[in-house]
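Descriptive structure summary
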Amino acid sequence: MEQDILYHLALGSGSHDLVEMFSEIRFVCMGGTPKRMEQFANFIMDEIGYKLPAGTTLLDISYRSYRYSMYKVGPVLCFSHGMGIPSVGILLHEVIKLMYHAKCKDPIFFRLGTCGGIGIEGGNLVISESAVDGMLQPFLELPVLGKLKRRPAILDKQLANDLKNLHMDDDPFSVSVGKTMCTYDFYEGQGRLDGAFCDYNEADKLSFLKKVHDANILNMEMESLCFAALCYHAGIKAAVVCVTLLNRLHGDQVSTPKETLNKWQEYPQILVARYIKKQLGLPINIPQREHPQVVKNPKHAQMVRQESASFE
Ligand SMILES: O=P(O)(O)O[C@@H]1C[C@H](O)[C@@H](CO)O1
Ligand SMILES: O=c1cc[nH]c(=O)[nH]1
């Protein structure tokens, strides 16, 4: 291949110097919405004391794709992945290739998400030890060339435990490690009664949720199966940290006020930021603003701005 066009990122190995732009990346963080990931980029910038080069602002490097958003903060790359397995799968293919082209060394991948708790109240964290599909099967099934390909959805146990150990007594959330059910739909796929269609009743739903609960599944979301399977297949250390928006044993609707939900969405970020700081050798409970790191490549943001702008 002469050049590799990372179409949905609006980047390419021929049009961009991917080594210059991304070789320092050590942590790749992704979550559903552009807003959340922009907030995380700003948060991690404060946490690790990273300073953007003078006169530059945080830029969505992939804004020309109109698909995903992408922010770079020193060694941390932040993406929005949209909703569901197809969306996160396409992104992962391109991010994994990006890491390869950029010659990044053993980057760790995180998904910072939201989920429905199974027996866990809203506003608490679940770290996935592995993922299962809506049939409780522990692998991603994908039709490839007319045949079903199965890839195990395994996550790094050590990383999950390391993250859990970063929980502090005065955190406003609990942290549990367990299995995650990843579905292809938010409504019927997760046994909700409040979708546009529903061919089952409350008793059927509760019997399914009990089966899920009895299988030690702590939460439901819509990306972990693919995220775990593709990272495991690529040999990438990966973790999924989600905040529960509700306890599904008590209801279906996400009725918590928006301000509270926004606060809760920060909880996975707090834990992952602690991990990143620890890996970078920074103290994890002292604000870093007064101790800015030297910017490794002061020309970087300007360069990203120019290259993104010139990409067609
Ligand atoms: O990371 P997010 O909050 O997008 O993850 C879950 C799973 C689906 O993408 C979405 C459904 O509301 O939230
Ligand atoms: O119940 C929920 C909440 C967030 N995301 C999901 O996929 N399910």
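Residues numbered from 1 in each chain as written. Chains lettered and ligands numbered in written order. Predicted model: local features only at pLDDT ≥ 70, side-chain atom pairs only at ≥ 80, totals over all residues. Heavy atoms only, no water.

A short note on helix α6 (residues 224–234)
Counting buried positions along α6 gives eight out of 11 residues, so the element sits mostly inside the fold. Turning to α6, its buried residues are S224, L225, C226, F227, A228, A229, L230 and C231. Immediately downstream of α6, the backbone of G235 shows phi near 75°, a positive value. (Buried < 20%, exposed > 50% of the residue type's maximum accessible area, 1.4 Å probe, protein only. Helix = DSSP H or I, 4+ residues; strand = E, 2+ residues; numbered from the N terminus.)

Here's the deal with the side chain of S224
Looking at the element boundaries, S224 is found in helix α6. Setting aside residues no more than four positions away along its own chain, S224 makes contact with R111, A131, T180, C182 and V240. (Contact = heavy atoms within 4.5 Å.)

Let's talk about the state of the cysteines
Applying the stated criterion across every chain yields a total of zero disulfides. Summary of cysteine pairing: C115 is not part of a disulfide, and the nearest cysteine sulfur, belonging to C242, is at 4.8 Å. When its relative accessible area of 5% is taken as the criterion, C115 is described as buried. (Disulfide = S-S within 2.5 Å.)

Some thoughts on the site of ligand 2
Lining the immediate environment of ligand 2, one finds T114, C115, G116, F186, Q190, R192, M220, E221, M222, L245 and L246. Within the backbone of G116, an N or O atom sits 3.5 Å from an oxygen atom of ligand 2. Here ligand 2 loses 94% of its free accessible area of 240 Å² to cover by the protein chains. Elements that contribute at least two residues to the shell around ligand 2 include exactly β6 (108–117), β11 (217–221) and β12 (238–247). Looking at the shell around ligand 2, the element that brings in the most residues is β6, giving three residues. Residues belonging to the shell around ligand 2 are distributed by class as follows: six nonpolar, three polar and two charged. (Near = heavy atom within 4 Å. Polar contact = N/O pair within 3.5 Å; in protein donor to acceptor, adjacent residues only side chain to side chain. Areas by Shrake-Rupley, 256 points an atom, 1.4 Å probe, with all protein chains shown as cover. Nonpolar A, V, L, I, M, F, W, Y, C, P; charged D, E, K, R; others polar.)

Some details on the UniProt feature "binding site: phosphate" (unreviewed entry) in the protein chain
Here the UniProt-annotated "binding site: phosphate" (unreviewed entry) positions come out as R67, R111, L112, G113 and T114. With respect to the secondary-structure elements, R67 resides in the loop between α2 (34–48) and β4 (70–73). Within the fold, L112 resides in strand β6. Beyond its immediate stretch of four places on either side in the chain, L112 contacts C29, M30, G31, R36, M37, F40, V241, P268, Q269 and V272. (UniProt positions renumbered as here; feature names shortened; annotations may be inferred.)

Some thoughts on the environment of L249
Mapped onto the elements of the fold, L249 is located in the loop between β12 and α7 (258–279). For L249 and K205, which are 44 residues apart along the polypeptide, the C-alpha to C-alpha distance reads 9.4 Å. Setting aside residues no more than four positions away along its own chain, L249 makes contact with G117, I118, G119, L206 and L209.

Quick notes on the side chain of N219
On the secondary structure map, N219 appears in strand β11. A distance of 2.6 Å separates polar atoms of two side chains, one belonging to N219 and the other to T180. Not counting residues within four places of it along the chain, the set of residues in contact with N219 comprises C115, G116, G117, I118, V126, K179, T180, M181 and C242.

Some points on the environment of D17
Here D17 lies in the loop between β2 (11–12) and α1 (18–22). By relative accessible area, D17 is classed as partly exposed at 40%. For D17 and A102, which are 85 residues apart along the polypeptide, the C-alpha to C-alpha distance reads 8.2 Å. One polar contact links the side chain of D17 to the main-chain amide nitrogen of E20, over a distance of 3.0 Å.

Concerning the site of ligand 1
Neighbouring ligand 1 are G32, R36, H81, M83, R111, G113, T114, F186, M222 and E223. In this structure, an oxygen atom belonging to ligand 1 sits 2.6 Å away from a side-chain N or O atom of T114. Compared with its free state, where it exposes 330 Å², ligand 1 has 86% of that area covered by protein. For the shell around ligand 1, the element with the most residues is β6, which contributes three residues. Looking at the shell around ligand 1, its residues break down into three nonpolar, four polar and three charged.

What about the UniProt feature "binding site: substrate" (unreviewed entry) in the protein chain?
Under the feature "binding site: substrate" (unreviewed entry), the UniProt entry names Q190 and R192. With respect to the helices, strands and loops of the structure, Q190 is situated in the loop between β10 (175–182) and α5 (202–214). Beyond its immediate stretch of four places on either side in the chain, Q190 contacts T183, D185, L209, M220, E221, M222 and R248. Positionally, R192 belongs in the loop between β10 and α5. Those residues in contact with R192, other than ones at most four positions away along the chain, are F186, Y187, C198, Y200, L246, R248, D252 and V254. A distance of 3.0 Å separates the side chain of R192 from the backbone oxygen of F186, its partner in a polar contact.

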